[in-house]
Structure formats: C-alpha cells, structure tokens
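Below, each chain spelled out in residue letters.
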Amino acid sequence: MKPVNFYEVQSMDGSVEWGGASALQAVEWYKRTLSARVFVSVWDEEDIEEPHLLIDKIDVTKLIEATLYVEGENA
C-alpha cells in the first residue's frame, strides 16, 4: 500500500480552486482568500492507474486557521 494525502481547496460555493498532494501549497491557496475550505483525503496510489480511496474528505480548515493564528501570535 502507498497512502498519499490529497488536499483540495474549495471556494464557498463548493467549486474546487486547487487540488494536489502538497500541504504547503494547499495552505498557500487557502491564504489567498481566507474564505475557502480545505479538505484532505487519503488515497492508495500503489497502482497509479487506479488509485483507491482509503479515507474520504476531512475538513481541516479550522486546524489551518488555528495554526495560522498561533503563528501570528509568535511572529
């Protein structure tokens, strides 16, 4: 098994603004609007031609907001 996190940044209307495997890029896209939502799902990409979903989308927006808030306090 080769689990891979897949991040998705969605606008408030639900359209996907960005998707990919980079957590850093997901946060950068989120910071551009601060009104988006960020989700992460986990895929088994052992067979790159046919990946399988292991864990469905989890909304991690609040976690990112809290992290950015704490980083701002420590700056």
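Model, not experiment: these values are computed from the prediction.

A.B. asks: Can you lay out the packing of aromatic side chains for me, pointing to particular residues and giving the numbers?
C.D. replies: Going through the model one piece at a time under the given rule, you end up with zero aromatic pairs. Against the face of tryptophan 29 rests arginine 32, its NZ or CZ located 4.3 Å from the ring centre. In this structure, lysine 57 packs its charged tip against the face of phenylalanine 39, placed 5.8 Å from the ring centre.

A.B. asks: Describe the pattern of salt bridges, and please don't skip the residues or the numbers.
C.D. replies: Taken as a whole and judged by the stated rule, the model has three salt bridges. Notably, a salt bridge pairs lysine 62 with glutamate 65, separated by 3.7 Å at the nearest N-O pair. With lysine 62 and glutamate 65 both in helix α2 (residues 61–73), this residue pair falls three residues apart, about one helical turn. On the accessibility criterion, lysine 62 (65% relative accessible area) is exposed. Relative accessible area serves as the criterion here: at 31%, glutamate 65 is assigned to the partly exposed category.

Reading the values: rules and limits
- Residues numbered from 1 in each chain as written.
- Predicted model: local features only at pLDDT ≥ 70, side-chain atom pairs only at ≥ 80, totals over all residues.
- Heavy atoms only, no water.
- Phe/Tyr/Trp six-rings, centres within 6.5 Å; stacked < 30°, edge-to-face > 60°.
- Lys NZ or Arg CZ within 6 Å of the ring centre and 35° of its normal.
- Salt bridge = Lys/Arg side-chain N within 4 Å of Asp/Glu carboxyl O.
- Helix = DSSP H or I, 4+ residues; strand = E, 2+ residues; numbered from the N terminus.
- Buried < 20%, exposed > 50% of the residue type's maximum accessible area, 1.4 Å probe, protein only.

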